[in-house]
Amino acid sequence: MINGRYNFAGLAILFVLIGVFCISINDLLIKQLSGGYPLHQIVFARSGIGILFTLLIVQYEGGFGILRTKRPGLHALRGILIVVANMTFFLALAVLPLADATALFFAAPLFITLLSIPILGEKVGPLRLSAVAVGFAGVIIMQRPWAGSDSLEVNRIVLLLPVLSALTYAMNQLLTRKLGVASKASAMAVYIQTAFIVVSVLFFVVAGDGRFADQATNASVVFLLRAWVWPADSDLWVFVGLGVNSAIIGYCLSQAYRLADAATVAPFEYIGLPLAVLWGFVVFGDLPVAEVWIGIALILGSGLFVFLRERHKARLLAHSQIKARN
């Protein structure tokens, strides 16, 4: 045991793997729905269904009493961060290939490693910082700063949306680690689902009739502001699946970051990259361009290096603690 943090590392890794697999299915389904429904309607249906399943888990973990918290402000901030992270990513997903958007989003574990220094007080050595720099070089390559706007298939702002999503997601996960000491995973998932519902209802009140969508030309903006419509019969089960998936994602990721250090859990989120490439090819017939492949390689390589360094450091510290006790 290292400061009480590594007892449940294996279980935390299992939770994050399940969560990331469900995220890949979630992204696939939302991309499929993005051509006919507004984002805030999808988010509302997803979270409205998801919170029902999450409340069942709350009952299992101790009852509704566990929803009480002494830190409502931090939980509200966490909710806002994850709403921004999800909605900016989904807006990019409506325009970018699945693998491209996901690859850019995977700056998140790099941000987590960097931000764990000031927020969690974790120590990150020069080798890990160098690996993070290599990963960010991959992000820059995928942004193709040398290309003119005419040669890019999408607006540069759209390319930055997954990076903004990554930053806010990283901040959310570090807050999860901080708050998870006193809060159950299911309770934190309920707070997140509530934040999604509140934001999507506000969007409905302001733009639910689609009056702003007619003035928009960008596909991401149209996706955000399109009018609500009743789902087709064939899509109803997709909305239900999104809701169930949402409950699983919220619980698994909250649990993972409660049980282990951010630097231990974060690298396993990289399984989302090959999954995104797989679903993008199988469902949409998309394959990444050369710059995206290079970026994926750099991010994967840096993430694995950071992980191996962290595990080596953990083993050495555990060994020294055992020797000290003996």
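Novice: Honestly, the packing of aromatic side chains in this entry has me stumped. Any pointers?
Specialist: Both the distance between ring centres and the angle between the ring planes are used here to describe each pair of aromatic rings. All chains considered together, the criterion is met by ten aromatic pairs. Pairing Phe44 with Trp228 gives two aromatic rings, centres 5.6 Å apart and planes at 50 degrees, and the pair type is tilted. Residue Phe44 is found in helix H2 (residues 39–61), and its partner Trp228 is found in the loop between helix H9 (219–225) and helix H10 (233–259); the two are separated by 184 residues along the sequence. The class for Phe44 is partly exposed, based on a relative accessible area of 31%.

Novice: Even after reading the chapter, I still don't get the pattern of salt bridges, so can you show me in this structure?
Specialist: As a working rule, side chains carrying opposite charge can pair if their charged atoms are close by. Enumeration according to the criterion identifies one salt bridge in this entry. The closest approach of N and O atoms between Arg211 and Asp209, which form a salt bridge, is 2.8 Å. Of the residues examined, Arg211 reaches a relative accessible area of 40% and is grouped as partly exposed.

Novice: Could you clarify how one ought to interpret the nonpolar core in this entry?
Specialist: The nonpolar side chains of a soluble globular protein tend to be buried with one another. Leu39, Ile42 and Leu96 are the most contacted members of the largest nonpolar core, which has 83 residues in total. At ten residues, H10 tops the list of elements feeding residues into this core. Excluding anything up to four places from it in sequence, Ile42 contacts Ile30, Leu33, Tyr37, Phe223, Phe239 and Leu242. With six residues, the next largest nonpolar core counts Val58, Ala187, Val190 and Tyr191 among its residues.

Novice: Got a minute to help me understand the packing of helix H1 (residues 9–33) against helix H12 (residues 272–284) in this structure?
Specialist: Relative placement of two packed helices is described by the angle separating their axes and the distance separating the axes. At a minimum axis separation of 10 Å, H1 and H12 run at an interaxial angle of 35 degrees. Judged by the twist between their axes, the crossing of H1 over H12 is right-handed. Residue-level contacts link Val20, Phe21, Ser24, Ile25, Leu28, Lys31 and Gln32 of H1 to Gly272, Leu275, Trp279, Val283 and Phe284 of H12. Across the contact of H1 with H12, the residue classes break down as eight nonpolar, three polar and one charged.

What counts, and at which threshold
Residues numbered from 1 in each chain as written. Predicted model: local features only at pLDDT ≥ 70, side-chain atom pairs only at ≥ 80, totals over all residues. Heavy atoms only, no water. Phe/Tyr/Trp six-rings, centres within 6.5 Å; stacked < 30°, edge-to-face > 60°. Helix = DSSP H or I, 4+ residues; strand = E, 2+ residues; numbered from the N terminus. Buried < 20%, exposed > 50% of the residue type's maximum accessible area, 1.4 Å probe, protein only. Salt bridge = Lys/Arg side-chain N within 4 Å of Asp/Glu carboxyl O. Core = buried A, V, L, I, M, F, W, Y, C linked by side-chain atoms within 4.5 Å. Contact = heavy atoms within 4.5 Å. Axes fitted to C-alpha atoms, helices over the stretch in contact; angles between N-to-C directions. Left-handed = near helix turned anticlockwise from the far one by under 90°. Nonpolar A, V, L, I, M, F, W, Y, C, P; charged D, E, K, R; others polar.

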